[in-house]
Amino acid sequence: MRIEPSSEAVGAEVHDVDLRNMDDAQFVLLRNAFFDHGALFFRNQYLSPEDHIAFAELWGGININRFFTPVDGYPQIAQVLKEPDQTVNIGGGWHTDHSYDHVPAMGSILYALETPSEGGDTLFAGMQAAYEALDDNMKQRLDGLQALHGNAHIFGKQSDYRDEVGDRFGNQDKAGQEAVHPIVLAHPETGKKGLYVNPAFTLRVIDMDAQESADLLTQLYAHIMQPQFHFRWQWSPGSLAMWDNRSTWHYAMNDYHGHRRLLHRITVEGVALH
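*Asks:* Account for the pairing of strand β7 (residues 107-114), naming residues and giving values.
*Replies:* The buried fraction of β7 is high, at 6 of 8 residues. Examined bridge by bridge, β7 and strand β15 (residues 240-244) share 5 bridges and lie antiparallel to one another. Pairing of Ser 108 across the sheet is with Trp 243, part of β15.

*Asks:* Which residues make up the pattern of salt bridges, and what are the values?
*Replies:* Using the criterion set out here, one finds 12 salt bridges in the structure. Across the pair Arg 2 and Glu 4 runs a salt bridge, and its minimum N-O distance is 3.8 Å. The class of Glu 4 is partly exposed, set by a relative accessible area of 39%. Glu 189 is the salt-bridge partner of Arg 31, the closest N and O atoms lying 3.4 Å from each other. Here Glu 189 lies in the loop between β11 (184-186) and β12 (193-195) and Arg 31 lies in helix α1 (residues 24-37), a separation of 158 residues in the sequence. Owing to a relative accessible area of 28%, Arg 31 belongs among the partly exposed residues under this scheme. The exposure class of Glu 189 is partly exposed, given its relative accessible area of 40%.

*Asks:* Residues and numbers for α1, please.
*Replies:* Its 14 residues give α1 an end-to-end C-alpha distance of 20 Å, which sits within 8% of 20 Å, the value for a rise of 1.5 Å per residue. Gln 26, Phe 27, Leu 30, Ala 33, Phe 34 and Phe 35 are the residues of α1 that are buried. Among the residues of α1, the N-terminal cap falls to Asp 23, whose side-chain oxygen and the backbone nitrogen of Ala 25 are separated by 3.2 Å. Once α1 ends, the next one or two residues include Gly 38, with phi positive near 85 degrees.

The rules behind each value
Residues numbered from 1 in each chain as written. Predicted model: local features only at pLDDT ≥ 70, side-chain atom pairs only at ≥ 80, totals over all residues. Heavy atoms only, no water. Buried < 20%, exposed > 50% of the residue type's maximum accessible area, 1.4 Å probe, protein only. Helix = DSSP H or I, 4+ residues; strand = E, 2+ residues; numbered from the N terminus. Pairing = 2+ DSSP bridges. Salt bridge = Lys/Arg side-chain N within 4 Å of Asp/Glu carboxyl O. Expected span 1.5 Å × (residues − 1). Polar contact = N/O pair within 3.5 Å; in protein donor to acceptor, adjacent residues only side chain to side chain.

Right under this line is the structure:
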């Protein structure tokens, strides 16, 4: 097995491994690389739904997604789908999964079954690299600050985005979760500091004037959106990506209208952040 960094800021591609047949030593290497790089990428995997579930269970308990349409017969697996006649994709903006939960999910394991011949890539951003690149004054300003995260505006009854996604999302009555987390997060596995806010689910900075909060978040987002913190993963059938929600953002590109894209996602439970 060979692990090759994808970029200086985030991700590593793993070669010469069959995720259906790993020994303990290989899994230890994967686990360490995952927390070091924030995301891992694999090609030429041939996973049945049972294989996908078994691999995910090596990492922890499975979070049964309450909003995505599940794969028939496999409630552990969420379907990430865009049909040729649909114009809105799932995940088409920078975000961090499950930051609205009191105990956010550790990460997600996304497996590609059908991909367009061009387009449909996913961008990843490294939150620890972005934090390290901040100047000392900003680091001092962020020290001790917390932010409120929520999901009603994405998954709830009044969500325009949910209406556009249609029956690919459900259970709008179960939306409304909110949680408070530190803006600078010490990773629960490595202790490394990274930014933990995102444009999709972060609502505001706690105990801060609304305009000041908006200005600060806008400044942080603009910083993180600089390309030096990113890696672009190109999908193909049989490829797999897994990312750490505590140390990355991701963004599913929506540049393949008229083509079908189908992936299966399993989300792994995390641990309390504070």
